[in-house]
Amino acid sequence: MAFEAAHQRRSVDRLWEDTIIDYADDWAVPYIGALLGTRMLSPLNPRGRRLDVAKTVAYRRRGGTPWLIEELIH
């Protein structure tokens, strides 16, 4: 019974980590990107996809701030 409880706990912990793009599994990245409305890069470039979604998250969090304007200029 303890083994099953530990397994369920790891599953819940993994789900929480999938909500953060830096720690998410590769299968979760396209779903997070779809929720944000990003145009996904090629599936052959998983690191690029993750970075693209991470930047979109950062842009959405800081929308309309001077930091975002400076970032877009660069």
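To be clear, the structure that these remarks concern was listed above.
Caption draft 1: Representation of the overall build of the chain in the model. Helix and strand content of the chain: four helices and zero strands. Along the chain, from the amino end to the carboxyl end, the secondary structure elements read α-α-α-α. Against the globule reference of 11 Å for 74 residues, the chain gives a C-alpha radius of gyration of 16 Å, more extended than a compact globule. Projected onto the principal axes, the alpha-carbon positions of the chain cover approximately 55 × 30 × 15 Å. Across the chain, the mean location of the 11 positive side-chain charges is 4 Å away from that of the 10 negative side-chain charges.

Caption draft 2: Highlighting the side chain of arginine 50. Positionally, arginine 50 belongs in helix α3 (residues 46-61). A polar side-chain atom of arginine 50 sits 2.9 Å from the main-chain carbonyl oxygen of alanine 24.

Caption draft 3: Broad picture of the packing of aromatic side chains. What the rule picks out here adds up to one aromatic pair. For the ring pair tryptophan 27 and tyrosine 31, a centre distance of 6.2 Å and an interplane angle of 70° mean the geometry is edge-to-face. For the pair shown, tryptophan 27 and tyrosine 31 are each scored as exposed.

Here is what the cut-offs are and how they apply
- Residues numbered from 1 in each chain as written.
- Predicted model: local features only at pLDDT ≥ 70, side-chain atom pairs only at ≥ 80, totals over all residues.
- Heavy atoms only, no water.
- Helix = DSSP H or I, 4+ residues; strand = E, 2+ residues; numbered from the N terminus.
- Rg over C-alpha atoms; globule rule 2.2 N^0.38 Å.
- Lys, Arg positive; Asp, Glu negative; His and termini not counted.
- Charge placed at Lys NZ, Arg CZ, Asp CG, Glu CD.
- Polar contact = N/O pair within 3.5 Å; in protein donor to acceptor, adjacent residues only side chain to side chain.
- Phe/Tyr/Trp six-rings, centres within 6.5 Å; stacked < 30°, edge-to-face > 60°.
- Buried < 20%, exposed > 50% of the residue type's maximum accessible area, 1.4 Å probe, protein only.

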